[in-house]
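Coordinates in review
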Amino acid sequence: MSSITESLKKKIVIIGAGPGGYEAALHARGLGAEVTLVERQGTGGAAVLTDVVPSKTLIASADTIHRFHEVQDLGVHLVGGPQDGTEIEGLAANLQTINARLLRLAATQSRDIRRGLEKEGVQVVDGTGSIADPNTVHVKAEDGMEYDLTADAILVAVGAHPRTLPSAQPDGERILTWTQVYNMEEIPEHLVVVGSGVTGAEFASAYNGLGAKVTLVSSRDQVLPGEDSDAADVLENVFERRGLTVVSRSRAEAVERTDDGVVVTLSGGRKIAASHGLLAVGSIPNTEGLGLEEVGVKLEDSGHIAVDRVSRTSVPSIYAAGDCTGVLPLASVAAMQGRIAMAHVLGDAVKPLRTAVVASNIFTSPEIASVGISEQAIKDGSFSADVIKLDLATNARAKMMKVEDGFVKLFARKGPGTIVGGVVVGPRASELIFAISVAVSKGLTVDDFSETFTVYPSLSGSISEAARRLHHLQS
Ligand SMILES: Cc1cc2nc3c(=O)[nH]c(=O)nc-3n(C[C@H](O)[C@H](O)[C@H](O)COP(=O)(O)OP(=O)(O)OC[C@H]3O[C@@H](n4cnc5c(N)ncnc54)[C@H](O)[C@@H]3O)c2cc1C
Ligand SMILES: NC(=O)c1ccc[n+]([C@@H]2O[C@H](COP(=O)([O-])OP(=O)(O)OC[C@H]3O[C@@H](n4cnc5c(N)ncnc54)[C@H](O)[C@@H]3O)[C@@H](O)[C@H]2O)c1
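Within each chain, residue numbers correspond to sequence positions counted from 1 in written order. Each chain is given a letter, starting from A, and each ligand a number, starting from 1, according to the order in which they appear as written. In view of the model being predicted, local features appear only for residues whose pLDDT reaches at least 70, and side-chain atom pairs are presented and counted only at 80 or more, with totals across whole chains, interfaces and linings using the full set of residues.

If you check an unreviewed UniProt entry, the chain appears there as NAD(P)H-quinone dehydrogenase from Kocuria subflava. Note on the chain: under the UniProt heading Sequence similarities (unreviewed entry), the record states "Belongs to the class-I pyridine nucleotide-disulfide oxidoreductase family." UniProt positions are given in the numbering used here, feature names are shortened, and annotations may be inferred rather than shown by experiment.

In structure tokens, the structure reads:
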């Protein structure tokens, strides 16, 4: 590690206080630097205020209802149900209560982050930053003041915002982006979600759970393009069983307001009338007008900042992290890029980013978690590995819990049996993936897994069972 006195000489200015910016700020302070963080919206960034935190809180409520419907024959029922001779139709969601709770939670989280930053000595500035020169950030503060901050190094961590279509302009009431859905006061009667990537699939699953009629417009053959195809298959089957309609191989050409809702026009002319439309058609990096290109920072055609694995841009004193780089738009990756950037600037030990070991989770019901290489990479010959897939329906604990959808899939390199990837589909897949993530990150083998005790009965038992099957396949 560099000496603290050497780091103390360094001034860092960070633009954007999402996971990329605030994690970097804390790391830089830990290494002794003087840190100023400029943020225009609120600490925690879009991740905390509009994206990760509110959506996962909404999903927690939706999951409760999904689960309730699935456990009906476990011998438990609401008091006052048909067994007691009165009418109980099921669980109902109160969207106003759910939204109030999730917005409160996001605001509290944002405040906690700010408090944590200030406690560590980070100077947080409420305002908009731009690059004046490679060592100067110009600030337009919320209080109207304008001034320059000089820095030895600048970190740009400005995130991204929802993409819209010229013929589908959000009005915040009926035509919405994911940042506006929390204004809805009642469960939408019929929600058309345009775009079946991770964002679209998560919201479609959530509002379906909360009781809305949902139609998901998917431009591809299968939902979740680019993700594990078996996982997408499970999700489509679950969607169908729960009455969620997927319209595949269709692009939305327009979303327009009508007197009492919206009409979505698909390529080919088909029209879907609905009460609300949600645009989940990707994001655009917040890099315009920041002064980046003027000082020589190279942008990709998409507007993302080009960075290397230690978060360097084409200008030596300017680093970038998170969604504005387009490396992998995940909060965990943004945070890691931010920390790596600061370690690099401040002379701490640096381990370049390894995207091949990033674990991620799609918070649909069931959840879909994955890490490492994909099965597609094995199928197209770019990787030589054995694959095993075990359906959760064969797992004793899953049967007890009445978990019928999902699987565990493991990929192990032929020969040494090193675990190089895996997919888990099921309840709390986001937690179950951790073991596979450790294996991929640390180069563990199928034998390491087979020799490790798991609890009986447990869902994780399927992971060690998959490893044993791979051992037999390879011996
Ligand atoms: C609906 C949704 C759900 C998601 N769920 C997950 C999830 O469950 N798990 C996960 O890992 N990822 C999730 N993501 C992705 C995750 O939100 C992003 O990867 C993460 O927010 C990136 O962090 P960041 O620091 O790059 O940017 P952000 O969180 O976007 O923060 C950037 C900040 O910079 C500020 N800013 C921009 N320009 C300026 C300027 N000029 N001056 C001052 N401040 C500025 C913005 O106000 C913002 O606060 C989700 C994304 C979406 C859309
Ligand atoms: N749980 C999580 O970690 C989480 C949740 C949400 C987002 N994210 C991150 O954000 C990234 C982006 O995901 P996303 O879903 O927001 O964007 P995306 O770009 O991955 O998906 C958008 C989809 O909309 C489709 N589309 C575009 N225009 C369309 C049209 N006119 N009609 C129909 N479909 C159209 C695209 O083909 C694409 O499949 C993810 O890869 C993930 O890294 C993560």
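Now that the structure has been shown, we can carry on.
What to know about the UniProt feature "binding site: FAD" (unreviewed entry) in the chain
With numbering aligned to this structure, UniProt lists the feature "binding site: FAD" (unreviewed entry) at Lys56, Gly129 and Asp323. These residues run over 268 residues, and the two farthest C-alpha atoms among them are 29.3 Å apart, placing them at more than one spot. Within the fold, Lys56 resides in helix α4 (residues 52-70). Strands are runs of DSSP state E lasting at least 2 residues, helices are runs of H or I lasting at least 4, and numbering of each runs from the N terminus. If you trace the backbone, Asp323 turns up in the loop between β17 (318-320) and α8 (331-345). Here, residues touch in the contact sense if the C-beta positions derived from the backbone fall within 7 Å of one another. Ignoring anything within four residues of it in the chain, the contact list for Asp323 reads Gly159, Ala160, Ser283, Pro285, Pro329 and Ala334.

Details of the domain arrangement of the chain
Interface size, as often reported, equals the accessible area lost upon joining of the parts. The domain boundaries here were taken from an automatic or database domain assignment. In terms of domain boundaries, the chain breaks down into domain 1 (1-48 + 101-161 + 284-354), domain 2 (175-281) and domain 3 (366-470). A straight line from the C-alpha centre of domain 1 to that of domain 2 covers 34 Å.

Focus on the UniProt feature "domain: Pyridine nucleotide-disulphide oxidoreductase dimerisation" (unreviewed entry) in the chain
When the UniProt feature table is mapped onto this chain, "domain: Pyridine nucleotide-disulphide oxidoreductase dimerisation" (unreviewed entry) is found at residues 359-467. Span residues 359-467 is 34% helix and 29% strand, its end C-alpha atoms 19 Å apart.

Quick notes on the packing of α4 against helix α6 (residues 198-209)
To get an axis, fit a line to the C-alpha atoms, keeping to the stretch in contact for a helix; angles then go from 0 to 180 degrees between the N-to-C directions. Taken N-terminus to C-terminus, the directions of α4 and α6 make an angle of 45°; their axes are 8 Å apart at the nearest point. The angle between α4 and α6 falls in the class oblique. Where α4 crosses over α6, the two elements pack in a sense that is left-handed. Along its contact with α4, which presents Ser55, Leu58, Ile59, Ala62, Asp63, Ile65 and His66, the element α6 presents Glu202, Ala206 and Gly209. Reported orientations rely on four angle classes, namely roughly parallel under 35 degrees, roughly antiparallel over 145, roughly perpendicular from 65 to 115, and oblique for the rest. Throughout, a crossing is termed right-handed when the near helix is turned clockwise from the far one, and left-handed when it is turned anticlockwise from it by less than a right angle.

Observations concerning α8
Given the number of residues in a helix, its expected span is that number minus one, multiplied by 1.5 Å. The terminal C-alpha atoms of α8 lie 21 Å apart, and with 15 residues this matches the ideal 21 Å at 1.5 Å per residue to within 8%. At the exit of α8 stands Gly347, carrying a positive phi of roughly 80°.

Let's talk about the site of ligand 2
Should the C-beta atom of a residue, placed from the backbone, lie within 6 Å of a molecule or strand, that residue is near it. Near ligand 2 lie 24 residues; those nearest to it are Gly195, Gly197, Thr199, Val281 and Gly282. At the level of secondary structure, the elements contributing two or more residues to the shell around ligand 2 comprise α6 and β18 (359-362). Amino acid classes used here: Ala, Val, Leu, Ile, Met, Phe, Trp, Tyr, Cys and Pro are nonpolar; Asp, Glu, Lys and Arg are charged; the rest, including Gly, are polar. Split into classes, the residues belonging to the shell around ligand 2 amount to 12 nonpolar, 10 polar and two charged.

As for the site of ligand 1
In the vicinity of ligand 1 there are 36 residues, among which Gly16, Gly18, Gly45, Gly159 and Gly322 approach most closely. Mapped by element, the contributors of at least two residues to the shell around ligand 1 are α2 (19-30), β2 (34-39), α3 (45-49), α4, β3 (123-133) and α8. Taken together, the residues of the shell around ligand 1 break down into 16 nonpolar, 15 polar and five charged.

Quick word on the pairing of strand β14 (residues 271-274)
Regular strands show a simple pattern: their side chains alternate between the two faces of the sheet. By the alternation rule, side chains of β14 split into Ile272 and Ala274, which are all buried, and Lys271 and Ala273, of which none is buried. A pair of strands counts as paired when DSSP detects no fewer than two bridges linking them. Across four bridges, the pairing between strand β13 (residues 261-266) and β14 is antiparallel. Its bridge partner being in β14, Val263 is matched across the sheet by Ala273. Backbone-placed C-beta atoms define the burial measure: a residue is buried with 20 or more other C-beta atoms within 10 Å of its own, exposed with 12 or fewer, and partly exposed in between.

Here we look at the sheet that holds strand β4 (residues 136-141)
Within a sheet, each strand pairs with its neighbour through backbone hydrogen bonds, oriented either parallel or antiparallel. In spatial order, the strands read β5-β4-β3-β2-β1-β6-β17; together these seven strands make up an open sheet with mixed pairing. Unpaired on one side and paired on the other, β5 (146-150) and β17 mark the two borders of the sheet. Strand-to-strand twist across the sheet, computed as the mean angle between neighbouring axes with direction ignored, equals 40°. Two elements, strand β1 (residues 11-15) and β2, share five bridges in a ladder whose sense is parallel. Bridged to Ile12 within β2 is Val35. Its contacts with the sheet put α8 on β1, β6 (153-156) and β17, and the angle it makes with β6 is roughly 170°.

Overview of unusual backbone geometry
Between Ser365 and Pro366 the backbone carries a cis peptide bond, its omega angle lying at 5°. In this chain, Tyr456 is followed by Pro457 through a cis amide linkage whose omega measures -10°. Along the polypeptide, Pro457 turns up in the loop between α12 (446-450) and α13 (461-474). Of note, the phi angle at Arg249 is positive, near 50°, even though the residue is not glycine. Here Arg249 lies in the loop between β11 (245-247) and β12 (252-258). Taking the number of C-beta atoms within 10 Å as the measure of exposure, Arg249 has 13 and is therefore partly exposed.

Quick word on the sheet that holds strand β19 (residues 367-372)
With antiparallel pairing, the five strands of this open sheet are ordered in space as β18-β19-β22-β21-β20. Bordering the open sheet on either side are β18 and β20 (385-391), each of which pairs with just one other strand. Here the strands of the sheet are splayed against their neighbours by 10° on average, with no regard to which way each runs. Of the pairings in the sheet, the one linking β20 to strand β21 (residues 407-413) comprises seven bridges and is antiparallel in character. Looking at the pairing, Val387 lines up with Phe411 of β21. Of the strands in this sheet, β20 and β21 are in contact with α13, which crosses β20 at around 140°.

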